[in-house]
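Okay, here's what each chain looks like letter by letter:
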Amino acid sequence: MLKPSPSAVRYILTHFHWFWDLVNNTFLRGTFMRIVLTVRSDLIPSPPTYNTKYGYLNWESYYNTSYYTRILPPVPEDCSLPMGTKGKAVLPDAKVLAEKFFRRKTFRPEPQGSNLMFAFMAQHFTHQFFKTNHKVQAGFTKGLGHGVDANHIYGEDLERQLQLRLLKDGKLKYQLVNGEMYPPTVYEAPVHMMYPASVPPEKRLVIGNEIFGMLPGLTLYATIWVREHNRVCDVLKAEHPTWDDEQLFQTARLIIIGEIIHIVIEEYVQQLSGYLLKLKFDPSLLFKERFQYSNRIALEFCHLYHWHPLMPDSFHIDGDEIPYSQFMYNTSLLMHYGVEKLVDAFSRQPAGQIGGGHNSHEVVLKVGEMVIRESRVARVQPFNEYRKKFNLKPYKSFEEFTGDIEMARELEELYGDIDALEFYPGMLLEKTRPTSIFGESMVEMGAPFSLKGLLGNPICSPVYWKPSTFGGEKGFDIVKTSTLRKLVCLNTKWCPYVNFHVPRNEEEAKPRKPTTEL
């Protein structure tokens, strides 16, 4: 009875600056972070419960990792209606839904100040574990792993990994362009990449994930991580001159995984949350708690994380405006402008608001349609059922859900009942919280999946979380002190403005040369 509602908790976490200034600078920061982690992660069942095929506990749901797991069982096949017992006999056409409710009218910037550096990080980071097998449908994954393993840098399997490796000093293959390091081409690393036939081989950069040549923002992150991996290998080799290529590579990979998790929690999730509590990556906070160091990716997490409204109408780089037609599959942009100018440009350009509807560029509308269709094949339960599962009050009407009379009328006409509203449209069309990136449900459902997956990583366990895992104190320190700015500026000639937030003032926006302040 005394437990505050999610809205009350969020209000406390986003107000009272004086209180959070005190917390962030004392031992209380760790205490509050432990509470956040345990309360959130306890909402995710571990070991997993259901998958697409089974609506009851069974060995296949646990053991067969080719399925996504899921939080709620599927809508039973013998239900009289597609969404269970409420709504209409026929669901609205997915294309109609996307056109009517997702299509952008006018670009609406994300009110928390998130930028394209944040947007591309969201896509780059999540493709480690969101690898839906669209050929099979019904919630199968092509991925071998279910968490942060940096396969988007090193490749999904050993065959691809060995093609990407230099097999010397632990390093990854690379090419030098004007004296700067970039990922190799298909000539140096002959692995499968998804490029149109119009892209010549010399411009087909090879990356851990086969689709990452699609957008220069993804190729940018791939380039930065190649540079960082090879830089870490140099640090390790200086510390351990007798280590062979394999030990240098494997230890560097563990350090990179640690850096990714650190940056994601303390900067990416921090930006996403809008909390005044300064989030802290410290695995030891959970060492005395009941916590399982394992993770399975849920179908619902994969679906809710399709945040394509973040994408702008066009891209502004160094005074140039670049449309999608010249941006997609154009790796030459990376070499033309250089890492520094791309980072600076993406850090300054606002991303779009995810929640509230009417903010998806026409280029990405088909992705929204695809998610809706796949959720129907998987018989994902209605949006309100997930509200209940995550301790949120179910909405009683479409008007309460959207806060928009016209949209509510149209949705009721299509679905017939608020309890028949589908999961993904519910996540994207829910009214946004004031000055927030999206609505209540996305935060309250997405955060538990995210934090459980990050802290459930083996490197966060008491067995792994120690200096020897990372090659000693120097490697451990790289993990514990990693930041987005360090990641970029230790691997560039000059230090651009780099952040997940657009510049708040002129001083913050000034480019800087790399210095010891890193």
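Note that the structure is predicted; figures quoted are calculated from it, not measured. (Residues numbered from 1 in each chain as written. Predicted model: local features only at pLDDT ≥ 70, side-chain atom pairs only at ≥ 80, totals over all residues. Heavy atoms only, no water.)

1. Description of the environment of Ala-509
- Relative to the helices and strands, Ala-509 resides in helix α22 (residues 506–509).
- The spacing of Ala-509 and Asp-313 is 196 residues in sequence and 23 Å in space, taken between C-alpha atoms.
- Aside from chain neighbours lying at most four places away, what touches Ala-509 is Arg-348, Tyr-497 and Pro-503. (Helix = DSSP H or I, 4+ residues; strand = E, 2+ residues; numbered from the N terminus. Contact = heavy atoms within 4.5 Å.)

2. Remarks on the pattern of salt bridges
- Evaluated as defined, the whole model comprises 26 salt bridges.
- Residue Arg-165 is joined to Asp-245 by a salt bridge in which the shortest nitrogen-to-oxygen separation is 2.8 Å. Of the two residues, Arg-165 is situated in the loop between α8 (158–164) and β3 (175–177) and Asp-245 in helix α10 (residues 245–273); the sequence distance between them amounts to 80 residues.
- Look at the salt bridges and you will find they share partners, linking Arg-40, Arg-387, Glu-430, Arg-433, Glu-440 and Glu-444 into a network. (Salt bridge = Lys/Arg side-chain N within 4 Å of Asp/Glu carboxyl O.)

3. Digging into the state of the cysteines
- What the rule picks out here adds up to one disulfide.
- Two residues share a disulfide in this structure: Cys-489 and Cys-495, whose sulfurs sit 1.8 Å from each other. Since a negative S-S torsion denotes a left-handed disulfide, the Cys-489-Cys-495 link at about 65° is right-handed.
- When its relative accessible area of 2% is taken as the criterion, Cys-489 is described as buried.
- With a relative accessible area of 1%, Cys-495 lands in the buried category. (Disulfide = S-S within 2.5 Å. Buried < 20%, exposed > 50% of the residue type's maximum accessible area, 1.4 Å probe, protein only.)

4. Overview of the packing of aromatic side chains
- Counted under the stated rule, the structure contains 40 aromatic pairs.
- Relative to Phe-129, the ring of Phe-125 has its centre 5.3 Å away and its plane inclined at 85°; by these criteria the two rings are edge-to-face. Each member of the pair, Phe-125 as well as Phe-129, carries the same accessibility label: buried.
- Aromatic pair Phe-281 and Trp-465: ring centres 5.4 Å apart, planes at 70°, arrangement edge-to-face. In this pair, Phe-281 is assigned in the loop between α10 and α11 (299–304) and Trp-465 in the loop between α19 (440–455) and α20 (473–480), connecting sequence segments 184 residues apart.
- Taking the relative accessible area as the measure of exposure, Trp-465 reaches 12% and is therefore buried.
- Through a chain of ring-to-ring contacts, the aromatic side chains of Phe-118, Phe-125, Phe-129, Phe-130, Tyr-268, Phe-301, Tyr-305, Trp-307, Phe-390, Phe-438, Phe-449 and Phe-500 assemble into a single cluster.
- If you follow Arg-165 out to its NZ or CZ, it ends over the ring of Phe-249, 3.9 Å from the centre. (Phe/Tyr/Trp six-rings, centres within 6.5 Å; stacked < 30°, edge-to-face > 60°. Lys NZ or Arg CZ within 6 Å of the ring centre and 35° of its normal.)

5. Concerning the nonpolar core
- The biggest cluster of nonpolar side chains holds 150 residues, and the ones touching the most others in it are Phe-120, Tyr-268 and Trp-307.
- The element best represented in this core is α10, accounting for 14 residues. (Core = buried A, V, L, I, M, F, W, Y, C linked by side-chain atoms within 4.5 Å.)

6. Quick notes on the packing of helix α6 (residues 116–126) against helix α13 (residues 332–348)
- Relative orientation of the contacting elements α6 and α13 amounts to 105°, with a least axis distance of 5 Å. Relative to α13, α6 is oriented roughly perpendicular. Residues Leu-116, Met-117 and Phe-120 of α6 pack against Val-343, Phe-346 and Ser-347 of α13.
- When grouped by side-chain class, the residues that make up the contact of α6 with α13 number five nonpolar, one polar and no charged. (Axes fitted to C-alpha atoms, helices over the stretch in contact; angles between N-to-C directions. Parallel < 35°, antiparallel > 145°, perpendicular 65-115°, else oblique. Nonpolar A, V, L, I, M, F, W, Y, C, P; charged D, E, K, R; others polar.)

7. Observations concerning the side chain of His-152
- Here His-152 is to be found in helix α7 (residues 151–154).
- For His-152, a relative accessible area of 1% gives the class buried.
- If sequence neighbours within four positions are ignored, His-152 has contacts with His-124, Phe-125, Gln-128, Ile-207, Gly-208, Asn-209, Phe-212 and Ile-260.

8. Details of the packing of helix α3 (residues 28–41) against α19
- Put simply, α3 and α19 touch, their axes get as near as 8 Å, and they point 105° apart. Accordingly, the angle class assigned to the pair α3 and α19 is roughly perpendicular. Touching Val-36, Leu-37, Arg-40 and Ser-41 of α3 are Val-443, Glu-444, Ala-447, Pro-448, Leu-451, Lys-452 and Leu-455, all from α19.
- Across the contact of α3 with α19, the residue classes tally to seven nonpolar, one polar and three charged.

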